Amino acid sequence: MKDPRFASLNPVHRSTRRAFFHDYTRPGRYMITITRVPGAPTFSILNTTTRELSLTPLGAAIRGELARLQEIQPAIAVKASAIMPDHIHCVLMVLRQLPKKLGDYIGAFKGACSRRWKEIEGAETVRPLFVRGFNDRIIRDDEHMSRAVNYIADNPARAAIKASHPDLFRRYNHLVVGDREFAAYGNIFLLRDFDRRPVIIHRADSTEARVAKEKEWLACAANGGVLISPFISPAEKAVRDKAVELGGRLVILRNEGFEERFKPQGREFDLCSEGRLLLLAPWPDKLNRSTVTRSQALSMNAQAVYLSSYQGPISLRR
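Rules and cut-offs
- The residue count restarts for each chain, going from 1 along the sequence in the order it is written.
- A pLDDT threshold of at least 70 governs which residues receive local features in this predicted model, and a stricter bar of 80 or more applies before side-chain atom pairs are shown or counted, although totals over entire chains, interfaces and linings include all residues.
- Side-chain measures here rest on the full set of heavy atoms in the structure, leaving out hydrogens and waters.
- Here a strand is any run of E in DSSP of at least two residues, a helix any run of H or I of at least four, and the numbering for each starts at the N terminus.
- The buried label goes to any residue with under 20% of its type's maximum accessible area, the exposed label to any with over 50%, and the partly exposed label to all in between, with areas taken from a 1.4 Å probe on protein chains only.
- Under the convention used here, a 1.4 Å probe and the Shrake-Rupley method define accessible areas, while residue burial counts only the protein chains that appear.
- By nonpolar core we mean a set of buried residues, namely Ala, Val, Leu, Ile, Met, Phe, Trp, Tyr and Cys, connected to one another through side-chain atoms within 4.5 Å.
- As a rule, the C-alpha atoms of each element are fitted with a line to give its axis, helices using only the stretch in contact, and angles between N-to-C directions run from 0 to 180 degrees.
- Crossings are sorted by hand: turned counterclockwise from the far helix by less than a right angle, the near helix makes the crossing left-handed, and turned clockwise it makes it right-handed.
- Residues count as neighbours in contact if any of their non-hydrogen atoms are within 4.5 Å of one another.
- Two strands pair if DSSP finds at least two bridges between them.
- Throughout this description, any angle smaller than 35 degrees is read as roughly parallel, any larger than 145 degrees as roughly antiparallel, any in the 65 to 115 degree range as roughly perpendicular, and the remainder as oblique.

*Asks:* I would appreciate a short explanation of the overall build of the chain in the present structure.
*Replies:* Of the regular secondary structure elements, the chain holds 7 helices and 13 strands. For the chain, the C-alpha atoms occupy an extent of roughly 70 × 40 × 35 Å along the three principal directions. Here the chain, with 318 residues, has 47% of them falling under the buried criterion. If you sum the accessible surface of the chain, you get close to 16700 Å²; carbon and sulfur atoms cover 52% of it.

Next up, the structure:
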């Protein structure tokens, strides 16, 4: 069910996200994602065994146009790239003031790729190869720069893992559990496990009560059970981390939904690949990240209790 407090919020289309406060002509660093239009040829072929990409003729042409981008405008440097079957990731550095916005140069790159598609297929007219716009993420510092470059380098390996375990990396827009509806990502079968426990630590809990609860939760995790919680407080996060070490499985309630190209990162990716994680969003249309309020925390704790004891049908609604 949608929380009425967020009924007025409209989902943000992240495939064309721009930072309104940012000057895209000034020096900066960005991670760019550009997506293929449905029905266009693939850019590369992924070998799920070796986790390597082989470029198609179109993918090779795209790689050439990406190299030409920095030749046409030397103030733009391509620091890393991955030409995936249906999208492109790249890290771009704007080295000095640009005469036009970065988006203008990306638009020119997209147009050049569309023309190369026309040449390869011998078509009579130029058709757009990519969807409208692109996604950009501003890279703030050297640490984030290193993470972005590593993310792109690891993208083929992550894609191979996801291809081998598709049900563990699936996004569900409408997961109906009793009288409640969630957006979900991960292993929805965790909600069928016979041993599910809500992890909720109250400020008023005595030390003895907290120790007893943690012992119970960690025993559940060690026995292959499922812990359900938003894991908001430091004490709850500590339980979550210990449970992961013990091989436990988690259902994590999130304060925000899943953007169009959402992908779990780091440990969450590893847990998904092992079938040990389900992410649930009680308010799917809320995509703006914000601090969790007390009322929201209480609501998610109540959802955790409900999901831990629910025994009825679970279904997917279109």
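Alright, that's what it looks like, and here's the rest.
*Asks:* Please clarify how the nonpolar core should be interpreted in this entry.
*Replies:* One recurring pattern in soluble globular proteins: nonpolar side chains tend to sit buried together. Among the nonpolar cores identified, the biggest contains 29 residues, and Ile 32, Phe 43, Ile 62, Leu 92, Leu 102, Leu 129 and Phe 130 are the most heavily contacted of them. At the level of elements, β1 (28-35), α1 (57-72), β4 (76-83), β5 (87-94) and α2 (102-121) are the ones that each hand at least two residues to this core. For this core, the element with the highest residue contribution is α2, accounting for 6 residues. Phe 231, Val 244, Phe 269 and Ala 281 belong to the second largest nonpolar core, which has 26 residues in total.

*Asks:* Got a minute to help me understand the packing of α1 against α2 in this structure?
*Replies:* Helix packing for two helices is described by the angle between their axes and how far apart those axes are. Interhelical geometry of α1 versus α2 gives an angle of 145° and a closest axis separation of 9 Å. Handedness of the α1/α2 crossing: right-handed. Counting all contacts with α1, which are made through Pro 57, Leu 58, Ala 61, Ile 62, Glu 65, Leu 66 and Leu 69, the residues of α2 involved are Tyr 105, Phe 109, Ala 112, Cys 113, Arg 116, Trp 117 and Ile 120.

*Asks:* Explain unusual backbone geometry here, please?
*Replies:* Across the chain, the bulk of peptide bonds are trans and the bulk of non-glycine residues have phi less than zero. One non-glycine residue, Arg 51, lies in positive phi territory at about 60°. Structurally, Arg 51 is set in the loop between β2 (44-47) and β3 (52-55).

*Asks:* I keep staring at the environment of Arg 289 and nothing clicks. Help me out?
*Replies:* Within the secondary structure, Arg 289 sits in the loop between β12 (277-281) and α7 (294-309). We classify Arg 289 as exposed; its relative accessible area is 70%. Separated by 194 residues in the primary sequence, Arg 289 and Leu 95 place their C-alpha atoms 30 Å from one another.

*Asks:* Looking at this structure, how should I read the sheet that holds strand β7 (residues 171-177)?
*Replies:* Backbone-to-backbone hydrogen bonds pair the strands of a sheet. The strands run either parallel or antiparallel. Pairing is mixed across the open sheet formed by 7 strands, whose spatial order is β9-β10-β11-β12-β8-β7-β13. Two strands bound the open sheet, and with one partner strand each, they are β9 (196-198) and β13 (314-316). For this sheet, the mean angle separating the axes of adjacent strands, direction not counted, is 30°. Sheet analysis places strand β10 (residues 226-229) next to strand β11 (residues 249-253), joined by 4 bridges and oriented parallel. Considered in β11, the bridge of Val 226 is made with Arg 249. Against the sheet, helix α6 (residues 266-273) engages β8 (180-186), β11 and β12, with an angle of about 115° to β12.

*Asks:* Even after reading the chapter, I still don't get the packing of helix α4 (residues 207-222) against helix α5 (residues 234-245), so can you show me in this structure?
*Replies:* In the contact formed by α4 and α5, the axes pass within 9 Å of each other and the chain directions differ by 30°. In terms of orientation, α4 and α5 fall into the roughly parallel class. Note on packing geometry: the crossing formed by α4 with α5 is right-handed. Between α4 and α5, the residues in contact are Arg 210, Glu 214, Trp 217, Leu 218 and Ala 221 and Ala 235, Val 239, Lys 242 and Ala 243, respectively.

*Asks:* Looking at this structure, how should I read the pairing of β8?
*Replies:* A regular strand carries its side chains on alternate faces of the sheet. Summarising burial for β8: 6 of the 7 residues are buried, a large majority. The pairing of β7 with β8 spans 5 bridges and is classified as antiparallel. In the strand pairing of β8, Val 177 is matched with Arg 180. Linking β7 to β8, which pair antiparallel, is a turn of 2 residues; within it Gly 178 sits at a positive phi near 65°. One ladder, built from 4 bridges, connects β8 with β12; its direction is antiparallel. Note on β12: the bridge partner recorded for Ala 184 is Leu 280.

In short, the description is geometric, and any link to function would need to be established separately.
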